[in-house]
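Listed below, chain by chain, are the residues.
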There are 2 protein chains.
Amino acid sequence: MKYIEKLRNSGLRPTKQRLQICEVLFDRDKTFHFTINELERKIKKQTDSKISLATVYNTVHAFEKKGYLKQIPINSSETYFDTNVTDHHHFYDLKEEKLIDLENSDVGPINILKKINGKKIKSVEVLVKLED
Amino acid sequence: MKYIEKLRNSGLRPTKQRLQICEVLFDRDKTFHFTINELERKIKKQTDSKISLATVYNTVHAFEKKGYLKQIPINSSETYFDTNVTDHHHFYDLKEEKLIDLENSDVGPINILKKINGKKIKSVEVLVKLED
DNA sequence: TGGTAGTTTATAATGATTCTAAAAAAGTGT
DNA sequence: ACACTTTTTTAGAATCATTATAAACTACCA
Ligand SMILES: [Mn+2]
Ligand SMILES: [Mn+2]
Ligand SMILES: [Zn+2]
Ligand SMILES: [Zn+2]
């Protein structure tokens, strides 16, 4: 099974629940932006089985720690995650509360001129808020 | 007093507590990035008086609604606010959990090429995460 | 197959934020 | 100043996303 390696790399054994989470997370063409509760709803619908919220949180956090998921900084009541773990930019539709990926070519190179003593840049991300 | 107008514009009467909040928020040269709890601590220290957390929350939210404060999107357990309400960019020091303003000239103009049907751009902000 | 370490789950705890309602303060008219 | 109304402050409760707990369950390996 193709998700076993991701799980083992994340320090997790491949269990039925975790494989179901993987199917919802990674069996798709496009980037998936989600909150834990959206993910749980999709799991219930897609696999017709109930998984404990704790297992969803634990698995998502293990994947995030390993770099298979990333958190997106948004001021919302819920934390957003992203299956696109590359350094990339977003539209955030304020009305729909939905994230949309931006290609680097949609934004162009960003050159940070200021330097902070003893610190190095880990990531550079643009958030473009959209309204109607 | 110079803060009375800000308060009245925000639909708030100038009370002792609110003026104390204003002094901590706005009586400064540089941008102030803060969480509600940091703000409360500064109020206690600077004015040597105790203000109810509820009053701090209410006042900050009224100022944010009116545009005298803005929220900064950061994935942290606490919400960050900023006294610099212009469209601007940030460093975020992951170790110190501190925000630092970037001038527009430190980043240069950002041109968003992609368009979304029926939506217009409200803001474009860059977040640069820093590590050691 | 049995033993052990890892996992799932329901449930409790936590902590930031929001809500509530009673007491306090401020505004208003006399 | 006084009585009266409206707004504000405040402590504490409620809410809700997230994290912790610990007992039942399962995967893995000898
Ligand atoms: Mn999290
Ligand atoms: Mn808030
Ligand atoms: Zn994305
Ligand atoms: Zn700022």
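These lines cover the structure that appears in this document, whether it is placed above or below. Every chain is numbered independently, its residues counted from 1 as its sequence is written. Labels follow written order: the first chain is A, the first ligand is 1, and so on. Local features are withheld for residues below a pLDDT of 70 in this predicted model, meaning they are given only at 70 or higher, and side-chain atom pairs are given and counted only at 80 or more; totals for whole chains, interfaces and linings count all residues. For the side-chain quantities, the full set of heavy atoms in the structure was used; hydrogens and water were omitted.

## Observations regarding the coordination of the zinc ion (ligand 4)
Residue and element names in this part refer to chain B.
Here is step 1 of the chain: Looking at the zinc ion (ligand 4), the protein donor atoms are His33 (NE2), Asp82 (OD), His88 (NE2), His90 (NE2) and Asp101 (OD), and they sit 1.9 to 2.2 Å from it.
Here is step 2 of the chain: Coordinating N, O and S atoms are those within 2.8 Å of the metal (3.2 Å for Na, K and Ca), and as water is not part of the atoms, a site may appear to have fewer donors than expected. Spacing between the donor residues of the zinc ion (ligand 4) along their common chain follows H-x48-D-x5-H-x1-H-x10-D. Separated by 57 residues along the polypeptide, His33 in strand S1 (residues 33-35) and His90 in strand S4 (residues 89-93) bring together distant segments of the chain. Here the two residues His33 and His90 agree in accessibility, since each one is buried. Each helix is a run of DSSP H or I of at least 4 residues and each strand a run of E of at least 2, with the numbering of both proceeding from the N terminus. Only protein chains enter the accessibility calculation, which uses a 1.4 Å probe; a residue whose area is less than 20% of its type maximum is buried, one above 50% is exposed, and one in between is partly exposed.

## Observations regarding the protein's contact with DNA strand D
Here is step 1 of the chain: In the region of DNA strand D, 18 residues are neighbours, and Tyr57, His61 and Thr79 of chain A together with Thr15 and Gln17 of chain B sit closest.
Here is step 2 of the chain: Polar contact criterion, stated in full: a pair of N or O atoms within 3.5 Å, where within protein one must be able to donate a hydrogen and the other to accept it, and residues adjacent in sequence count only if both atoms are side-chain atoms. The separation between a phosphate oxygen of DNA strand D and a polar side-chain atom of Tyr57 of chain A is 2.6 Å.
Here is step 3 of the chain: At the level of elements, helix H4 (53-66) of chain A together with helix H2 (16-26) and helix H4 (53-66) of chain B are the ones that each hand at least two residues to the surface near DNA strand D.
Here is step 4 of the chain: Here the surface near DNA strand D gets three residues from one element, more than from any other, and that element is H4 of chain A. We call a residue near a molecule or strand when any one of its heavy atoms sits within 4 Å of it.

## Section: the interface of chain A and chain B
By a widely used convention, the size of an interface equals the accessible area lost when the partners come together.
Here is step 1 of the chain: Only heavy atoms matter for contacts: two residues are in contact if any of them lie within 4.5 Å across the pair. Each partner contributes to the interface: chain A provides 38 residues, whereas chain B provides 37 residues.
Here is step 2 of the chain: Computed with a 1.4 Å rolling probe, the buried area is the accessible surface lost when two parts are put together, summed over both parts. Here chain A and chain B share an interface that buries about 3400 Å² over both sides, 54% of which is from carbon and sulfur atoms.
Here is step 3 of the chain: The largest per-residue losses of area from chain A upon contact with chain B belong to Asn75, Lys119 and Glu131 of chain A, which jointly make up 18% of the total buried on that side.
Here is step 4 of the chain: In what follows, salt bridge is the name for a side-chain nitrogen of Lys or Arg lying within 4 Å of a carboxyl oxygen of Asp or Glu. One salt bridge in this structure joins Lys119 of chain A and Asp132 of chain B, with 2.7 Å as the shortest N-O distance.
Here is step 5 of the chain: The interface formed by chain A and chain B includes 20 residue pairs in polar contact (both at pLDDT 80 or more).

## Brief notes about the nonpolar core
Residues and elements named next belong to chain B.
Here is step 1 of the chain: Within the largest apolar cluster, 22 residues are counted, with the highest numbers of intra-cluster contacts made by Leu25, Phe26, Phe34, Leu39, Val56, Val60 and Phe63.
Here is step 2 of the chain: For this core, the elements supplying multiple residues, two or more each, are H2, helix H3 (36-47) and H4.
Here is step 3 of the chain: A per-element tally of this core places H2 first, with six residues. Note on terminology: a nonpolar core comprises buried Ala, Val, Leu, Ile, Met, Phe, Trp, Tyr and Cys residues joined through side-chain atoms within 4.5 Å.

## Overview of the protein's contact with DNA strand C
Here is step 1 of the chain: Thr15 and Arg18 of chain A together with Tyr57, His61 and Thr79 of chain B are the nearest of the 17 residues found near DNA strand C.
Here is step 2 of the chain: Sugar and phosphate atoms represent 84% of those atoms of DNA strand C found within 4 Å of the protein.
Here is step 3 of the chain: Between DNA strand C and the protein, one listed contact pairs a phosphate oxygen with a side-chain N or O atom of Arg18 of chain A at 2.6 Å.
Here is step 4 of the chain: Residue His61 of chain B places a side-chain N or O atom 3.5 Å away from a phosphate oxygen belonging to DNA strand C.
Here is step 5 of the chain: Any residue outside Ala, Val, Leu, Ile, Met, Phe, Trp, Tyr, Cys, Pro, Asp, Glu, Lys and Arg is labelled polar, Gly included; the first ten of those are nonpolar and the last four are charged. Here the surface near DNA strand C is composed, by residue class, of five nonpolar, seven polar and five charged.

## A look at unusual backbone geometry
Residues and elements named next belong to chain A.
Here is step 1 of the chain: Phi is positive for Asp48, which is not a glycine, with a value near 50 degrees.
Here is step 2 of the chain: Mapped onto the elements of the fold, Asp48 is located in the loop between helix H3 (36-47) and H4.
Here is step 3 of the chain: Since its relative accessible area comes to 70%, Asp48 is described here as exposed.

## Observations regarding the sheet that holds strand S1 (residues 33-35) of chain A
Strand pairing in a sheet relies on backbone hydrogen bonds, with the paired strands running either antiparallel or parallel.
Residue and element names in this part refer to chain A.
Here is step 1 of the chain: An order of S1-S3-S2 is seen for the three strands of this open sheet, with the pairing classed as antiparallel. Unpaired on one side and paired on the other, S1 and strand S2 (70-72) mark the two borders of the sheet. The average undirected angle you get between the axes of adjacent strands in this sheet is 40 degrees.
Here is step 2 of the chain: The pairing of S1 with strand S3 (residues 80-82) spans three bridges and is antiparallel. Paired with Thr35 across the bridge in S3 is Tyr80.
Here is step 3 of the chain: Orientation is described by axes fitted as lines to C-alpha atoms, over the contacting stretch for helices, and by angles from 0 to 180 degrees between their N-to-C directions. With respect to the sheet, H4 is in contact with S1, S2 and S3, its orientation differing from that of S3 by roughly 55 degrees. At least two DSSP bridges between two strands are needed for those strands to be called paired.

## Quick look at the packing of aromatic side chains
Here is step 1 of the chain: Two rings from Phe, Tyr or Trp (for Trp, the six-membered ring) form a pair when their centres sit within 6.5 Å of each other. Planes less than 30 degrees apart are called stacked, planes more than 60 degrees apart edge-to-face, and all others tilted. On inspection of all chains with the given rule, the structure shows 12 aromatic pairs over all chains.
Here is step 2 of the chain: Plain terms: the ring middles of Tyr3 of chain A and Phe26 of chain A are 6.4 Å apart, the flat faces sit at 40 degrees to each other, and that makes the pair tilted. Here Phe26 of chain A lies in helix H2 (residues 16-26) and Tyr3 of chain A lies in the segment before helix H1 (4-9), a separation of 23 residues in the sequence. Considered together, Tyr3 of chain A and Phe26 of chain A belong to a single accessibility category, that of buried residues.
Here is step 3 of the chain: Note on Phe63 of chain B and Tyr68 of chain B: the rings are 6.0 Å apart at their centroids and 80 degrees apart in plane angle, and the pair reads as edge-to-face. A single burial state applies to Phe63 of chain B and to Tyr68 of chain B, both of which are buried.
Here is step 4 of the chain: Counting every residue linked through ring pairs, the aromatic cluster contains Tyr3, Phe26, Phe63 and Tyr68 of chain A.

By themselves these figures say nothing about function.
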